[in-house]
Amino acid sequence: MDASRVSTGVRFRLLKRVAVTVFAFAVATGIAFTLVKLAPENHVRHITEAVKAWDIPFKSTESSKCPVFHDANKVWQKSQLKYQHLRDDKFTIAMQTYHRPEELKHTLDGLLSEEIPSLAEIVVVWNDLENAPPESYVSTHGVPVRYRRSPVNSLNQKLWPDPAYKTQAIFLSDDDIYYKPKDLEFVFQSWRKFGRRRMTGGFTRCAIEDAASKKWLYTFCSKDEGQNKYNMILSGLAFAHISFLDYYSSDDALATKIRNYVDKHFNCEDLAMNYLVSMLTGEGPLLVKGKEQYVSMVPKVGLSAKPGHMETRAQCLNDYNEFFGCMPLIDETAHIELGVILS
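Source: prediction; values computed, not measured. (Residues numbered from 1 in each chain as written. Predicted model: local features only at pLDDT ≥ 70, side-chain atom pairs only at ≥ 80, totals over all residues. Heavy atoms only, no water.)

Engineer: Can you break down the side chain of Thr-204 residue by residue, with the values?
Structural biologist: Along the chain, the position of Thr-204 falls in strand 8 (residues 204-209). Contact partners of Thr-204, with chain neighbours within four places excluded, come to Cys-221, Tyr-230, Met-232, Ile-233 and Leu-287. (Helix = DSSP H or I, 4+ residues; strand = E, 2+ residues; numbered from the N terminus. Contact = heavy atoms within 4.5 Å.)

Engineer: Tell me about the sheet that holds strand 10 (residues 232-233), residues and numbers included.
Structural biologist: Spatially, three strands are ordered 9-8-10 in an open sheet, and the strand pairing comes out antiparallel. Each edge of the sheet is formed by a strand with only one pairing partner; in this case those strands are strand 9 (216-219) and strand 10. Pairing of strand 8 with strand 10, which is carried by two bridges, proceeds in the antiparallel orientation. Its bridge partner being in strand 10, Arg-205 is matched across the sheet by Met-232. Of the strands in this sheet, strand 8, strand 9 and strand 10 are in contact with helix 9 (residues 309-324), which crosses strand 9 at around 135°. (Pairing = 2+ DSSP bridges. Axes fitted to C-alpha atoms, helices over the stretch in contact; angles between N-to-C directions.)

Engineer: Pulling in residues and values, what's your account of the packing of aromatic side chains?
Structural biologist: This structure, assessed with the given rule, holds 15 aromatic pairs. Plain terms: the ring middles of Phe-91 and Phe-188 are 4.9 Å apart, the flat faces sit at 40° to each other, and that makes the pair tilted. With Phe-91 in strand 1 (residues 87-97) and Phe-188 in helix 5 (residues 181-195), this pair connects stretches of sequence that are 97 residues apart. On the basis of relative accessibility, which here comes to 0%, the residue Phe-188 falls in the buried class. (Phe/Tyr/Trp six-rings, centres within 6.5 Å; stacked < 30°, edge-to-face > 60°. Buried < 20%, exposed > 50% of the residue type's maximum accessible area, 1.4 Å probe, protein only.)

Engineer: Explain unusual backbone geometry residue by residue, including any values.
Structural biologist: Residue Lys-214 is not a glycine yet carries a positive backbone phi of 65°. Unlike most non-glycine residues, Phe-266 shows phi in positive territory, near 50°. Here Phe-266 falls in the partly exposed class, since its relative accessible area comes to 29%.

Engineer: How would you sum up the sheet that holds strand 5 (residues 167-174)? Please name residues and give values.
Structural biologist: Strand order in the open sheet formed by nine strands is 3-4-2-1-5-11-7-12-14, with mixed pairing between adjacent strands. Each end of this open sheet is capped by a strand with a single partner; those strands are strand 3 (137-138) and strand 14 (335-337). The sheet contacts of helix 5 involve strand 1, strand 5, strand 7 (200-201), strand 11 (237-241), strand 12 (286-289) and strand 14, and relative to strand 1 the element is tilted by about 120°.

Engineer: Account for the confidence of the model for the protein, naming residues and giving values.
Structural biologist: Of all residues in the protein, 77% attain a pLDDT of 70 or more, and the chain-wide mean is 85. Low confidence marks residues 1-10, where pLDDT is under 50. Its contacts with residues over four positions away, or in another chain, come to one contact. A low-confidence stretch, residues 31-57 (pLDDT under 50), is modelled with 42 contacts involving residues beyond four sequence positions or located in other chains. (pLDDT = per-residue confidence, 0-100.)

Engineer: Which residues make up the state of the cysteines, and what values do they have?
Structural biologist: Overall, the coordinates contain three disulfides when judged by the stated rule. The disulfide bridge from Cys-206 ends at Cys-221, spanning 2.1 Å between sulfur atoms. Because the torsion about its S-S bond is 115°, the bridge between Cys-206 and Cys-221 counts as right-handed. Taken together, the residues span a long stretch of sequence, with Cys-206 in strand 8 and Cys-221 in the loop between strand 9 and strand 10 at a distance of 15 residues. Listing the disulfide partners of the protein by sequence rank of the bonded cysteines yields 1-6, 2-3, 4-5. (Disulfide = S-S within 2.5 Å.)

Structural data, given as structure tokens:
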């Protein structure tokens, strides 16, 4: 082979590697600058510390005021060690569904319409006990779609750490809401850099204390100027580290009590996840917005459409406060947004 052609090929590959490295650095820098622009100094400091320590096991806060913290922390530390061998450069979608075939098809079609480079697998948690799920398949982009039939119709099934999972990152999803593919990849990369110790996603809610009654209220977060706080990211559209799922599904007294409560009321598993994560890490959630608004299909029937939904959720908050012996949720204002131009 001509020596000049070999030399040209080597130079081309070298330039390509340099270009990829520069691009990756630019993306990471852009995300960091966005956080600095949007977040108060103390929030940026906490997030920056998390970035520096992303490649070592998590450490829990030592200042938790929750009396159940120490026992829970011991279990969670073991949970982390169990999953260190799993991939952290890919993620798995765990999508729960029940009697909503049209919404499920729409969501799967939307997610699989384009390649998502870091998506390893979609697991559809099939809670319909009367009908068999469809056959599992592989998408045109090579993504396995596996239907996992639940032994019981329980909201806890989505939060079970499936032994077949191959990734540390689990994207918890409902069957009627999804990020566009390019946005989901961006949210995952943001989770890797900034959100491993947090519930990270696009669906915020707020718990606020009523000054008169001292009871906690469940609310849609205010969008008024200066009122941009949030303290929960719901698990209908959120990344969570598999160690949090492992603790949630453990035999620990607190985790068992929560799962029993969720099964009894058929509600509030997503609130419980926020309580657990914030208690164990001492950090609040992280809102990540894509370039486009996430797609949401409002169902004709569903838990959130029932009368008294907000009051029921508020009761969950107050009951959880009794379980935990504290209010572990942490207010945050920082968020990451794709496509934000800083001047």
